[in-house]
Amino acid sequence: MLTPRATHSIMEGESVSHVHVYSEIGQLKRVMLSRPGDELNQVHPFHLQEMLLQDTPMLTRAQAEHDEFAQILRNAGAEVFYIRDLFTQAMSHQDAREAFTKEFIAASHVCSPQLEEAVLAYYNQLDTTSFVNAIYCGIRSDNAFFADDTTLGGMISKGALFIVEPLPNAYFARDSSINVADGVILSHMCKRYRQREPLLLKYIHRYSDLYADDPTEDLYNMKSPWTIEGGDVMVASDHTLCIGCFGRTEPGAIEAVAASVFERGYTSVYAFHSRDPRIMHLDGMLAMIDYDTFMCNPFMKDNVAVFKLTPGAIDTNGKPSVHCSLVEGGWSDALCEAVGVDAVRFIPCGNGDMIGGRWESYNLGANLLCIKPGEVAAYDRNLITLDLLDKAGITVHTFCGSELSRGKGGPRCMSMPIWREDL
C-alpha cells in the first residue's frame, strides 16, 4: 500500500530505492532514461508505420543527442538510471529471467508453438548481455540459429522480417510505465510493436538492484483489457492526476487507475477526452512547467472535454466506486482545481500561428520535461516556442533532437522520473 508522502529531499550518500513522484514540477532528483541502442538499426524503411517511426534514425547521432539530454539532467542535479542497465541487473537472476522469457515469448506473436520452443532454446544459450541485446533487437528471420528449422512455423518465418520483432521505440521511457506517488502503473500499451515494453519494467521494479529489496507496488493490472500509456498521465499534485483519454488510453483503464489511487488517498482524477485522431498522448499538447503555468497546443485546447472523477459510494468489496462529472469550465477550471491555484497561465506552442504553430506542435514543442518549477528541457528546433518561454521567465535547457524526434516524442516522452522533491 502507498505510504504517506514523505517531506524530505535525497541527501548525499542516502540510499533511496523506491519511487517518490507527487508532482510534475518538483525538483528532479532521480530519473530513468532508455538510451537508444542497436534496436534502432532494425528499423526498416518500408515498415515505418507499423514500427511507429516517421523515418529511419541514424543511431550514432541519436545516441549523441540522447547523451546531451542526459547531461542536461545530470547538470541540474538529477541522478540518471538507464533502463537497459536495470533490466540487465534483473535478468542476472535466473528465476527472473526464466519467468520473463516465458512472458515475453508469449507476447511476441511467434507464429507456431514449435517455433516458440526454438526461440526459447535460442534465448537460453545466450549470456545475460547477449540476451538483453536480443530482447531489444528482436530475432531476424535470417538468424543462423534458425537456418535448419524445418517446422511449419520455422519455414514460414523465413519469409518475414523477424521471428521476434524488436523494440525500436523503447527510448521513449515515459510510455511503458508511470511512476505515481510511491507506486507504478505498468502500462498496457495500444500498439503491437510496443506491447512488450512494460514487461521489462515489471521485472525492473521487482528484481533490479534499485528495487530488489523493496519492489514497487503496481497500481494497475497490465493484463486488464483496457490500454493505458504513460504519455497520457500527468501527476498534477499529491492528490490529483490528469489522464488523457484519446487513442492510446481507454476509459476503463482510467476508471481502474482512479479507483486504485482513491484507495490511497487521492481525491480526484481529471480525464481529458477527444476523438481527434491527431492526438496521441496528453503530453503532446499539455505540459505543466511551473506552479501555475502550462505549455499547450492551442489548436487542440478547445476540442478537448474534461471529466472529473471522484470517489463514489463504497462497493460490496469495500472499495470506492468512481463518480464522473463534466467540468463545465474546461481546461482552465480543471487545472486550477488540480494544482490548487486561482488562475493558470497557458503558453501556446508556436504562438498559435497557422503554419509555425502547427509545425512546432508537430515537432514536439509542447512536450517539455520540467526539471524544477520554471525550468525545463526542450528540443532546440522550436524557435517560436522557445522565445515565448524565455519571455515568460521560464529557464530552458535545449538540445538537438533531429534524430530522436523521428519517433514523434520529446524530452518528456524520453524520461520517467523516479524521485522528485516535494513542493
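Values in this document were obtained by computation on a predicted structure and should not be read as measured data.

*Asks:* In this structure, what is going on with the packing of aromatic side chains? I would like to understand it.
*Replies:* Aromatic ring pairs are described here by two measures, namely the spacing of the ring centres and the angle between the planes. Applying the stated criterion across every chain yields a total of 16 aromatic pairs. Measuring from centroid to centroid gives 4.1 Å for Tyr171 and Phe172, while their planes differ by 35°, and the two rings are tilted. Across this residue pair, the class does not change: Tyr171 and Phe172 are buried. For the ring pair Phe294 and Phe346, a centre distance of 6.3 Å and an interplane angle of 45° mean the geometry is tilted. Taken together, the positions of Phe294 in strand S12 (residues 293-296) and Phe346 in strand S15 (residues 345-348) put the pair 52 residues apart, joining distant regions of the chain. Taking the relative accessible area as the measure of exposure, Phe294 reaches 0% and is therefore buried. Over the ring of Tyr362 we find Lys408; its NZ or CZ atom is 3.6 Å from the centre of that ring.

*Asks:* How should I be thinking about the sheet that holds strand S16 (residues 369-372) in this particular structure?
*Replies:* Sheets are built from strands paired through backbone hydrogen bonds, the pairs being either parallel or antiparallel. On the basis of which strands lie adjacent, the open sheet formed by three strands has the order S16-S17-S18 and mixed pairing. The open sheet is flanked by S16 and strand S18 (395-399), the only strands paired with a single partner. Here the average twist between neighbouring strands, direction ignored, is 30°. Examined bridge by bridge, strand S17 (residues 375-379) and S18 share five bridges and lie parallel to one another. Bridge pairing in S18 places Glu375 opposite Thr395. Along the sheet face, helix H2 (residues 59-75) touches S16, S17 and S18 and points at about 155° away from the line of S18.

*Asks:* It is not clear to me how helix H9 (residues 251-262) should be interpreted in this structure. Could you clarify?
*Replies:* Because each turn of an α-helix spans 3.6 residues, side chains separated by three or four positions end up pointing in the same direction. Taking 1.5 Å as the rise per residue, H9 with twelve residues should run 16 Å; its terminal C-alpha atoms sit 16 Å apart, in good agreement. The set of residues buried in H9 consists of Gly252, Ala253, Ile254, Val257, Ala258, Ser260, Val261 and Phe262. The inward-facing, buried residues of H9 contact strand S6 (183-186), strand S9 (240-245), strand S10 (268-273), strand S13 (305-314) and strand S14 (320-326).

*Asks:* Just to check I follow, could you spell out the nonpolar core for this structure?
*Replies:* A general trend in soluble globular proteins is that nonpolar side chains are found buried together. The biggest cluster of nonpolar side chains holds 67 residues, and the ones touching the most others in it are Phe100 and Tyr123. The element best represented in this core is H9, accounting for six residues. When sequence neighbours within four positions are dropped, the list of residues in contact with Phe100 reads Phe87, Met91, Phe131, Ile135, Leu199, Leu200 and Tyr203. Within the second largest apolar cluster, 39 residues are counted, among which are Leu286, Cys296, Cys336 and Val344.

What counts and how
- Residues numbered from 1 in each chain as written.
- Predicted model: local features only at pLDDT ≥ 70, side-chain atom pairs only at ≥ 80, totals over all residues.
- Heavy atoms only, no water.
- Phe/Tyr/Trp six-rings, centres within 6.5 Å; stacked < 30°, edge-to-face > 60°.
- Buried < 20%, exposed > 50% of the residue type's maximum accessible area, 1.4 Å probe, protein only.
- Helix = DSSP H or I, 4+ residues; strand = E, 2+ residues; numbered from the N terminus.
- Lys NZ or Arg CZ within 6 Å of the ring centre and 35° of its normal.
- Pairing = 2+ DSSP bridges.
- Axes fitted to C-alpha atoms, helices over the stretch in contact; angles between N-to-C directions.
- Contact = heavy atoms within 4.5 Å.
- Expected span 1.5 Å × (residues − 1).
- Core = buried A, V, L, I, M, F, W, Y, C linked by side-chain atoms within 4.5 Å.

In short, the description is geometric, and any link to function would need to be established separately.
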